[in-house]
Amino acid sequence: MTTPAFSIGNDYNEYRESVAALCADFPGTYWRELEDQPPSASYPADFVQALTDAGYLAVLIPEEYGGAGKPVRAGAVILETIHRAGCSAGPCHAQMYTMGTLLRHGSEDQKQKYLPKIASGELRLQAFGVTEPTTGSDTTQLRTRAEKRGGGYAVNGQKVWTSRAAHSDLMLLLARTTPLDQVKSRTDGVSVFLVDMVEAKKNGMKIVPIDAMVNHNTTEIFFDDVWLPEDSLIGEEGKGFKYILDGMNAERCLVSAEAIGNARYFLDKAVARLSDLRSASQSRQADVHAVSDAFARLEAADLLVRRAAAMFDADMKCGAEANMAKFTSGEAVWACAEACLNVYGKDGLRSDRDIEHKWRDSRMSRNSPVSPNMILNFVGQHVLKLPRSY
Amino acid sequence: MMIEHDRIDFDIPVLPEDNSAICDTVAKICADHPAEYWRALEKKPAGERFPKDFMAAMTKAGMTGATIPEEHGGADLTIEAVAAIVETVHASGANAAAMIAQYHAVERLLEAGAQNRAAEVLEAVAEGAASLYANAMLKGSAEADSEQGVTLSGTADRVTGACASDWILVDLPESDAFVLAARDKIEATPVRELTNSDAWDLDFDKVRVPAGEVFRSTNSRKTRAANVRLVLDAAAAVGDGRFFSHRGTQYANERIVFGSPIGSYQGIQFPLARAHIEVEAANIALRRAIARIDAGFEGTSESLVAHHLAVEAAWNMADAAFTTYGGFAFAREYDIERKWRDVRAARLSALPEADDLARIGAEALGLVAE
């Protein structure tokens, strides 16, 4: 079995150029000023609107529903370019891919109702409620319950780390429709719902911002007997876990590309700074080596991201490849971030050097959306065929 | 041939003194200024981010002028004692940066010995009537005048604690002279940073310093002041290492995933254990360095070794704890990310030549710098 061909150069150049031009209107000061705001006022609304208007967030939606119908690799290039240009797609990248579950498993009625409006940006599908305070890696243990009631479902429970919930009209929600003790396999009994946030907020759903080190406008969501109509269920009841799994590989590819973009951003800055410094004093060999080492890792990770996206776009099974791309891109961006911060020294701590913000963001690349230890567990067990270690 | 500094003198006691009474007092003050206090400071506008109440309590308890000799009204504590104070502060989750800055400034003034107004300033600090929280490196010029005063023109970047301090200790360019400049004569612009360092960019627009506050360093005390700074920063790092070792293991024991506490998985356990070992080793190196300084030796090599080991160990411990906390590490209310940022900043030097590795290489190993 061979990997489908993928580019090793600047693919989708038209996106690289146009996205970079858009990002030039949102320089460091824009992002710094947002961080000074309280959580409720820190959303980059203008930037997101600009991306929406240009159609970048609709690239993965098929043309028949109003999108550009491009492969995941195109989305990856857009996200990478945004990050390399010093901007952040974290506040809106979900609009690109969360709809994938609806696209692959929703009914035609649902797709016609929602996808065109998601493509145009009229409806924002930016939130994905999966993680709970007591379940991170162990998704099947989630406790949020959706019980059949009055021609729909009543939802009770809690989600955490639901980013962008306060800036989304729709949310994809994972809840148990059959309790754990009543299913044969623990991956059964979980269902996916497309929640109308506007309605839900009037009917028992509460969104609370979380003050966090990284500005992804993340929240806790409390469901107190929130009623969802029957047609908010996507696909078959109880089969939801499988539905979200296939979307995760796309997400891995796309989020990895953001890390690659940030890594290139750090390298651009580190190289520029070192070039200035070297002419002034010593050769700074330790820093030269650290930056070069980080660059090699970045290049390797970039190739893994390209491979995973190519496999996904060719409809090949790519769980291992997508997860390894995620893991290596997280480690690579961190190496680049650290090398850059070390080149700058204490001066790099200043927010106005535009290093420390992305440095904080990059810590997240090592940690989410999937635990690095879980990736290593997966590779160990399913690729290397070692006995499960947990 | 063994380099002289690598000898461990077993006749110098490396066991710490019993500073438990002092540490108990410090721990109580820290308990009165818990995590919420430090979290809230970060959200305040510029000019209000300095831990004023915490420092006032420490000063009132006699902790901030503690190394000043009795002849100047101080408690004449050893470096071992103040290192214990600093470590206790950091282990509790609080931050002793301003205290360390002042201990260092005191050493610099003791350098100046009986010069000019050094003794008066030391007495004021011992009484808690004057503060020395800021040290600036002047980029510009210092013109002497006929009355032995000096007029400063230029800038200094990222001076931490500048606006909360009565005096700013300013190192003059290409000179072994330093001055105490009164804070209220200097223009200051706040600097937003990764951490709550309360840093300011200073502008010296022909700031005149009278003769009384102009001092000349003597070489040996300048070295001692620098080494005291290194070991106190190392003590802070050891305290940070203790903080994260405790918090990381606590969470690893509580958090159940896939039916077991996550601390039972080697992927979580081993990084915590490895970092803990590094903190232990750094602590031993630190005790050795402090013992030599308190015994009257220079202790440069030992101080550099201790500092490097400690700041790296603290970072590895902090990052292992951060990983252990998973997503919750990012939530401010868990107090992991705040100190994790502080610990990262402590690994950075202001100048490449001040880097621990560069100095060990050049000064201890005698390797010729490029």
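Residues numbered from 1 in each chain as written. Chains lettered and ligands numbered in written order. Predicted model: local features only at pLDDT ≥ 70, side-chain atom pairs only at ≥ 80, totals over all residues. Heavy atoms only, no water.

### What about the overall build of chain B?
Link 1 in the chain: In terms of helices and strands, chain B carries 11 helices and 10 strands.
Link 2 in the chain: Taken against the 2.2 N^0.38 rule, which gives 21 Å for 370 residues, the C-alpha radius of gyration of chain B at 21 Å falls within 12% of a compact globule.
Link 3 in the chain: Buried residues in chain B amount to 53% of all 370 residues.
Link 4 in the chain: A fraction of 72% describes how many contacts in chain B between residues 6 or more apart in sequence connect residues 24 or more apart.
Link 5 in the chain: Of the accessible surface of chain B, which amounts to about 15900 Å², a share of 53% is contributed by carbon and sulfur atoms.
Link 6 in the chain: With 36 positive and 57 negative side-chain charges, chain B shows a separation of 5 Å between the mean positions of the two kinds. (Helix = DSSP H or I, 4+ residues; strand = E, 2+ residues; numbered from the N terminus. Rg over C-alpha atoms; globule rule 2.2 N^0.38 Å. Buried < 20%, exposed > 50% of the residue type's maximum accessible area, 1.4 Å probe, protein only. Contact = heavy atoms within 4.5 Å. Areas by Shrake-Rupley, 256 points an atom, 1.4 Å probe, with all protein chains shown as cover. Lys, Arg positive; Asp, Glu negative; His and termini not counted. Charge placed at Lys NZ, Arg CZ, Asp CG, Glu CD.)

### Describing the pattern of salt bridges
All names here are of chain A.
Link 1 in the chain: Scanning the model with the defined rule gives 58 salt bridges over all chains in all.
Link 2 in the chain: Note that D302 is salt-bridged to R264, the shortest N-O span being 2.9 Å. With D302 in helix α10 (residues 285-313) and R264 in helix α9 (residues 240-280), this residue pair connects regions lying 38 residues apart in the sequence.
Link 3 in the chain: Accessibility expressed as a relative area gives 5% for D302, which makes it buried.
Link 4 in the chain: Classification of R264 by relative accessible area gives buried; the value is 12%. (Salt bridge = Lys/Arg side-chain N within 4 Å of Asp/Glu carboxyl O.)

### Description of the interface of chain A and chain B
Link 1 in the chain: Taken together, the contacts link 39 residues of chain A with 36 residues of chain B.
Link 2 in the chain: Three residues stand out in chain A for area buried against chain B, namely K346(A), L349(A) and R350(A), and they jointly supply 20% of the buried area on that side.
Link 3 in the chain: K43(B) is the salt-bridge partner of D211(A), the closest N and O atoms lying 2.6 Å from each other.
Link 4 in the chain: Secondary structure elements with two or more residues in the side of chain A that touches chain B: α11 (319-344), α12 (356-365) and α13 (372-383) of chain A.
Link 5 in the chain: With 5 residues, α12(A) is the largest single contributor of residues to the side of chain A that touches chain B. (Buried area = accessible area lost by both parts, 1.4 Å probe.)

### Things to note about the sheet that holds strand β7 (residues 199-209) of chain B
Whether parallel or antiparallel, the strands of a sheet pair through hydrogen bonds between backbone atoms.
All names here are of chain B.
Link 1 in the chain: Taken together, the 4 strands give an open sheet; going across it, the order is β2-β3-β7-β6, and neighbouring strands pair in antiparallel fashion. If you trace the sheet from one side to the other, it starts and ends with β2 (139-144) and β6 (187-191), each paired once. This sheet shows a mean twist of 15° between the axes of neighbouring strands, independent of strand direction.
Link 2 in the chain: Alignment of β6 against β7, held across 5 bridges, turns out to be antiparallel. Bridge pairing links E187 to D203 in β7. (Pairing = 2+ DSSP bridges. Axes fitted to C-alpha atoms, helices over the stretch in contact; angles between N-to-C directions.)

### Considering the side chain of D240(B)
All names here are of chain B.
Link 1 in the chain: Take D240: it is sitting in helix α7 (residues 219-254).
Link 2 in the chain: Among the polar contacts listed, one links the side chain of D240 to the side chain of H90, at a separation of 2.8 Å.
Link 3 in the chain: When near neighbours in sequence (up to four residues on either side) are disregarded, D240 contacts H90, A314, K339 and V343. (Polar contact = N/O pair within 3.5 Å; in protein donor to acceptor, adjacent residues only side chain to side chain.)

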